[in-house]
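# A structural walkthrough
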Amino acid sequence: MHDLRTWTSDVHRTVDDTPYGGGPGMVMRPEPWGQALDAVGAGTLVVPSPVGKPFTQADAHELAALDHLIFACGRYEGIDQRVIDDAASRMPVREVSLGDYVLFGGEVAVIVIMEAVTRLLPGVLGNADSLTEESHAAGLLEAPVYTKPAAWRDREVPDILRSGDHGRIARWRRDQSLLRTAARRPDMMASYPPSSLDKADRKA
Ligand SMILES: Nc1ccccc1-c1cnco1
């Protein structure tokens, strides 16, 4: 963790200023950022931003394979664009959005990204199988999950899950995933690899 004000030189340790071209709010000044990024050295710079590329599980896997990640947390109306452009001239830069909503700054977004990435690192998860079956891992939302008791507030666990027939259970879960994804995330269905949908699935 680095305090950006370390790289300021005025008595007030200023990190922001008014935007050229007018408009509301303040913009983060380039000088402190430039010196801070120089100081932390090269790596892949990840900048959470409302104007970034939507962050996906695939991005988490890509970042988990890298040796050195640098996270820049912007505040106010954002970081002077020249900081991003200058950094991109000497290292990979990824501006990423966590969703279409507005935060105070990038810090909370970095915590989310760090969790999504670090859980993919070898040895972090007790059961590596979890990584292959979870939502977004196979391009679909995960099927509903249940545990004991078999009946709770007059609600029963689906009989199929207690049948012991693992082939039928796998089929039921796949169907539930397809139904849930189609209902809640048509965008994911649109990009779901048709090659993995066998004929029976196409009727779903
Ligand atoms: N709104 C923000 C403000 C500052 C830094 C990131 C964001 C952000 C990231 N994903 C959505 O919003």
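Every residue gets a number counted from 1 within its own chain, in the order that chain's sequence is written. Residue-level local features of this predicted model are given only where pLDDT is at least 70; pairs of side-chain atoms are given and counted only at 80 or more, and the full residue set underlies all totals for whole chains, interfaces and linings. In computing side-chain properties, one takes all heavy atoms of the structure into account and sets aside hydrogens as well as water.

### Digging into the site of the ligand
Definition in use: Nearness is judged by heavy atoms alone; a residue qualifies as near a molecule or strand once a single heavy atom is within 4 Å of it. Definition of a polar contact: a pair of N or O atoms within 3.5 Å, with one able to donate and the other able to accept a hydrogen when the atoms are protein atoms, and with sequence-neighbouring residues admitted only if both atoms are side-chain atoms. In this description, accessible areas are obtained by the Shrake-Rupley approach with a 1.4 Å probe, and a residue is regarded as covered only by the protein chains that are shown. The secondary structure listing takes helices from DSSP runs of H or I that are at least 4 residues long and strands from runs of E that are at least 2 residues long, numbered from the N terminus.
In the region of the ligand, the neighbouring residues are Pro 48, Ser 49, Pro 50, Gly 74, Ser 97, Leu 98, Gly 99, Tyr 101, Val 102, Leu 103, Gly 105 and Gly 106. A distance of 2.9 Å is found between a nitrogen atom of the ligand and a backbone nitrogen or oxygen belonging to Leu 103. Taken by itself the ligand offers 300 Å² of open surface, and the protein chains cover 94% of this. In terms of residues, the shell around the ligand owes the most to one element, strand β3 (residues 44-54), which gives three residues.

### Brief notes about the side chain of Thr 8
Here Thr 8 shows up in the segment before β1 (16-17). Within the local environment of Thr 8, its side chain forms a polar contact with the backbone oxygen of Arg 5, the two atoms lying 2.7 Å apart.

### Concerning the environment of His 166
Considering the arrangement of structural elements, one finds His 166 in helix α6 (residues 166-184). Remark: the alpha-carbon pair of His 166 and Leu 66, spanning 100 residues in sequence, is separated by 37 Å.

### Things to note about the domain arrangement of the chain
It is common to give the size of an interface as the accessible area lost on bringing the parts into contact. Heads up, the rule is: Domain limits in this description derive from either an automatic procedure or a database domain assignment.
Along its sequence, the chain is carved into domain 1 (4-118) and domain 2 (137-203). Inter-centroid distance (C-alpha atoms) of domain 1 to domain 2 is 38 Å.

### Comments concerning the pairing of β3
Quick note on the threshold: Note: two strands are recorded as paired if DSSP finds a minimum of 2 bridges between them. With strands facing away from the observer, any crossover in which the path from the first strand over the helix to the second runs clockwise is taken as right-handed.
In this structure, β3 lies alongside strand β4 (residues 69-71), joined through three bridges in parallel fashion. In the sheet register, Val 46 faces β4, and the bridge partner there is Phe 71. Following the backbone out of β3, through helix α2 (residues 57-64) and into the adjacent parallel β4, one traces a crossover that is right-handed. The sheet contact formed by β3 and strand β5 (residues 93-97) spans six bridges and is parallel. Following the sheet pairing, Pro 48 is matched in β5 by Val 96.

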